[in-house]
Amino acid sequence: MKQLLTIFTFESYHPLFNVVKLFNNVSKLALIASSIFLYSCSSGQQGPEAPPPPTLPVVSVNTGQQTVYQEYPAAIEGITNVEIRPQVSGTLDAIYVDEGAKVRKGQPLFKINGRPYQEQLNQALANLHAAEAALVNAEIEVEKKTRLVNNKVLADFQLKTAEAARNVARANLEQAKASVGTAKINLGYTLITAPVDGYIGRLLKKQGSLVGPADAQALTELSDIHEIHVYFALGENDFVDFKNNYEGATLEEKLKKLPPINLVLSDQTVYTQAGKIDMVDGQFDKNTGAITLRATFANEAGLLRSGNTGKVRLGKKHGKVLLVPQMATLEMQDKIFVYTVNDSNKVTKQPIQVIGKNGATYLVKSGLKDGDHIVYKGMDLLQDGQLIKPHEISPDSLHLTAYNH
């Protein structure tokens with residue numbers, strides 16, 4: 001017991017013991033610090049691990065013949081548009097049709113009060129009868145004086161006078177017949193009929209209105225729309241391309257060989273019936289520098305009316321061109337680039353020459369070749385020579401179409 005107490009007292013109060021204990025603690029701390037330093041130095045020599053290459057969609061481009069469709073604003077008119085105007089003046093007694101009605105050729109449309117014209121016809125008929133009677137008297141007079149001249153009773157000049165009077169009577173009869181014909185025509189004009197099949201436009205005059213040939217406004221307009229004419233214009237360069245794109249020695253031969261064309265309506269739907277270009281204007285417009293063409297479309301259902309608008313879609317064939325998605329390109333300083341991918345999965349920034357454009361696709365003439373792979377998305381952060389992990393996309397899944405606007 002006494003020995004233990006002596007040891008405890010020595011460990012607690014002897015200065016040498018505290019020095020030894022402190023030395024041991026410092027040694028342990030130095031060993032830990034050395035270990036941390038060595039580990040840090042070892043880690044610093046290896047550096048952080050490099051990030052994996054980005055996975056990007058890649059699509060192949062192929063050479064082939066493509067048809068680009070160019071759209072041109074167009075005006076639609078019925079094959080016949082007729083202003084219905086009165087040929088005689090009078091009060092509009094009756095209107096037999098309503099606005100928008102479909103009518104047939106010869107169907108009554110309007111009736112003008114015909115009583116004044118009936119009286120004119122009666123007067124002309126009376127004049128005709130009087131002229132007929134005058135001619136009979138003149139012929140009798142000629143016959144009588146002919147006998148007297150033959151019997152040497154009258155001089156020859158008296159017979160000639162009677163013959164001249166007979167000729168005047170004949171002329172008066174012809175004039176009377178013409179007056180009757182004119183009166184009948186004017187009376188017939190009081191009933192206005194449809195000159196062609198078609199649809200009635202707005203009725204600009206009401207029953208009871210006073211109408212006449214000199215009126216500024218027509219009674220209505222009648223449109224024959226079983227076929228429609230679609231007019232559009234081509235600039236000089238487009239017209240040259242248009243002519244060069246089709247076979248034929250003359251423009252008439254080219255028109256005969258033109259394929260059917262489509263009409264895009266104002267709601268961007270395509271009209272169900274295809275049309276045919278059948279007319280090219282004789283000269284360019286001096287003000288616009290464009291030439292007008294006309295296409296004809298069937299319209300048996302009457303879905304299109306005069307005054308509609310739309311766009312004519314013309315096809316232009318391109319041989320040995322590449323279709324490149326516009327999304328796979330970059331535009332910098334009026335130049336267009338793509339990122340091609342080589343066999344080592346490294347990308348290269350490549351300029352391309354575009355000869356046509358549509359809403360989703362570029363037509364490329366040079367800068368790429370058949371079978372090249374290009375990055376489809378994610379080009380903004382790419383650099384020349386960067387390594388990527390390509391993810392192949394089928395070109396068919398992109399639904400590339402060629403429509404120029």
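For the structure itself, consult the block above.
This write-up is about the structure you can find in this document. Worth saying up front: this structure is predicted, and the values here are computed from it rather than measured.

## A few points about the sheet that holds strand E3 (residues 90-95)
Reading across from one edge, E6-E5-E3-E8 is the order of the 4 strands in this open sheet, with antiparallel pairing throughout. In the strand order of this sheet, the two ends are held by strand E6 (191-193) and strand E8 (210-211), each with one partner. Across 3 bridges, the pairing between strand E5 (residues 108-112) and E6 is antiparallel. Across the sheet, the residue bridging to Phe110 is Ile192, located in E6.

## Concerning the nonpolar core
Side chains of a nonpolar character, in soluble globular proteins, are inclined to be buried together. Within the largest apolar cluster, 27 residues are counted, with the highest numbers of intra-cluster contacts made by Phe232, Leu234, Phe242, Leu263, Ile277 and Leu314. Among the elements of the structure, strand E2 (63-84), strand E9 (220-235), helix H5 (236-244), strand E10 (262-265), strand E11 (276-280), strand E12 (290-298) and strand E13 (309-325) are those that each provide at least two residues to this core. The biggest single contributor to this core is E9, with 5 residues. Setting aside its immediate chain neighbours within four residues, Ile277 contacts Phe232, Phe242, Leu255, Leu258, Ile261, Leu293, Arg294, Ala295 and Leu314. Counting 16 residues, the second-largest nonpolar core is a separate cluster that includes Val88, Val103, Ala194 and Leu222.

## A word on the pattern of salt bridges
Evaluation of the coordinates by the stated rule reveals 10 salt bridges. A salt bridge links Arg85 to Glu83, with the nearest nitrogen and oxygen atoms 3.1 Å apart. Judged by relative accessible area, Arg85 falls into the partly exposed class, the value being 28%. With its nearest N and O atoms 3.2 Å apart, the salt bridge here joins Lys369 to Asp372. Overall, the relative accessible area of 54% leaves Lys369 in the exposed class. By relative accessible area, Asp372 is classed as buried at 15%. A network of salt bridges, in which partner residues are shared, links Glu141, Lys144 and Lys145.

Quick notes on the rules
Residue numbering note: each chain is counted from 1, following its sequence as written. Thresholds applied to this predicted model are a pLDDT of at least 70 for local features of residues and 80 or more for the giving and counting of side-chain atom pairs; totals over whole chains, interfaces and linings are not thresholded and use all residues. Heavy atoms throughout the structure, all of them, feed into the side-chain values; hydrogens and water do not. By the convention used here, strands pair only if DSSP detects at least 2 bridges between them. In this text, helices come from DSSP runs of H or I with a minimum length of four residues, and strands from runs of E with a minimum of two, each type numbered from the N-terminal end. Only buried Ala, Val, Leu, Ile, Met, Phe, Trp, Tyr and Cys residues count toward a nonpolar core, and they belong to the same one when joined by side-chain atoms within 4.5 Å. With a 1.4 Å probe rolled over the protein chains alone, any residue whose accessible area is under 20% of its type maximum counts as buried; one over 50% counts as exposed, and the rest are partly exposed. Every residue pair with non-hydrogen atoms within 4.5 Å of one another is taken to be in contact. Throughout this description, the term salt bridge denotes a Lys or Arg side-chain nitrogen within 4 Å of a carboxyl oxygen of Asp or Glu.

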